[in-house]
Amino acid sequence: MTAATDRRPGLFVTFEGGDGVGKTTQATLLERWLTDAGRTVVRTREPGGTEVGVLIRDIVLHHRGEVSPRAEALLYAADRAHHIETVVRPALDRGDIVIQDRYLDSSVAYQGAGRVLGRDEVRQLSLWATAGLLPDLTVLLDLDPAAARARLDADDKPFDRLEAEKESFHARVRDEFLVLAAAEPDRFLVLDASSAPDVLAALVRERVKTLLG
Ligand code: TYD
């Protein structure tokens with residue numbers, strides 16, 4: 001099996017979007033479908049896809065005091081560097097399918113636009129951290145932040161540092177994801193996350209099928 005780009009034997013699929021849009025549900029449905037079809041899937045996430053990453057995740061999501069925006073961007077980049085080198089690249093080299101919750105587009109949207117550090121600098125930082133690895137497919141689940149917030153409220157879990165940010169922050173994050181998707185239409189599949197989960201899953205499967213050839 002060959003990725004569309006022919007750069008490596010495996011396939012790298014990421015799920016992106018704001019908090020509460022249903023990324024985990026969709027990643028799980030795709031994983032189940034691929035596994036049932038006999039594919040080897042590595043399911044992972046950022047931040048926190050490695051042992052070191054779990055420690056970094058705790059800082060970026062749960063530290064109670066201030067974390068400066070540049071420090072925050074570097075922590076996500078450090079998590080990513082270690083995760084890609086030790087988990088994702090080896091899996092892709094083996095020919096596995098990697099399904100990942102969040103990747104560099106989250107940094108560009110949250111740190112670049114949310115924290116206003118700037119798109120290009122944050123993207124370059126991530127590309128440096130990962131030696132330039134880009135996904136074969138990025139599924140963007142797009143949802144109005146107010147609707148996403150209602151879902152998070154219904155979950156009744158305490159908000160982490162990012163989730164607790166203001167509405168204007170989440171509006172910037174959503175807009176930036178859409179700008180990123182428009183700039184790379186071949187890599188992105190943009191879906192209306194207010195649709196039913198099984199409808200979304202079918203659209204994701206359709207795109208993945210074309211990549212698997
Ligand atoms: P996530 O794991 O999706 O949260 P949850 O476990 O609640 O579903 O993501 C954690 C948060 O980290 C999310 O609010 C977005 C943020 N984030 C960034 O700000 N930059 C990044 O580079 C990444 C990967 C995540």
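First, a word on what this report is: a plain description of the structure on this page. (Residues numbered from 1 in each chain as written. Predicted model: local features only at pLDDT ≥ 70, side-chain atom pairs only at ≥ 80, totals over all residues. Heavy atoms only, no water.)

Here we look at the pairing of strand β4 (residues 137-142)
And then number 1: Burial analysis of β4 places 6 of its 6 residues in the buried class, the great majority of the element.
And then number 2: Summarising the sheet, β4 and strand β5 (residues 188-192) pair through 5 bridges and their orientation is parallel. Looking across to β5, one finds that Thr138 is bridged to Phe188. (Buried < 20%, exposed > 50% of the residue type's maximum accessible area, 1.4 Å probe, protein only. Helix = DSSP H or I, 4+ residues; strand = E, 2+ residues; numbered from the N terminus. Pairing = 2+ DSSP bridges.)

Some words on the pattern of salt bridges
And then number 1: Overall, the coordinates contain 13 salt bridges when judged by the stated rule.
And then number 2: Here Arg80 makes a salt bridge to Glu46, at a shortest N to O gap of 2.5 Å. Of this pair, Arg80 sits in helix α3 (residues 69-94) while Glu46 sits in the loop between β2 (41-45) and α2 (51-62), and the two are 34 residues apart along the sequence. Neither residue differs from the other here; Arg80 and Glu46 are each classed as buried.
And then number 3: Between Arg161 and Glu72 there is a salt bridge, with its nearest N and O atoms 3.2 Å apart. (Salt bridge = Lys/Arg side-chain N within 4 Å of Asp/Glu carboxyl O.)

Examining unusual backbone geometry
And then number 1: Geometrically, the link from Glu46 to Pro47 is a cis peptide bond, its omega value of -5 degrees lying close to zero.
And then number 2: Within the fold, Pro47 resides in the loop between β2 and α2.
And then number 3: We note that Arg102 has phi near 70 degrees; this positive angle belongs to a residue other than glycine.
And then number 4: As for its position among the elements, Arg102 is in the loop between β3 (97-101) and α4 (104-114).

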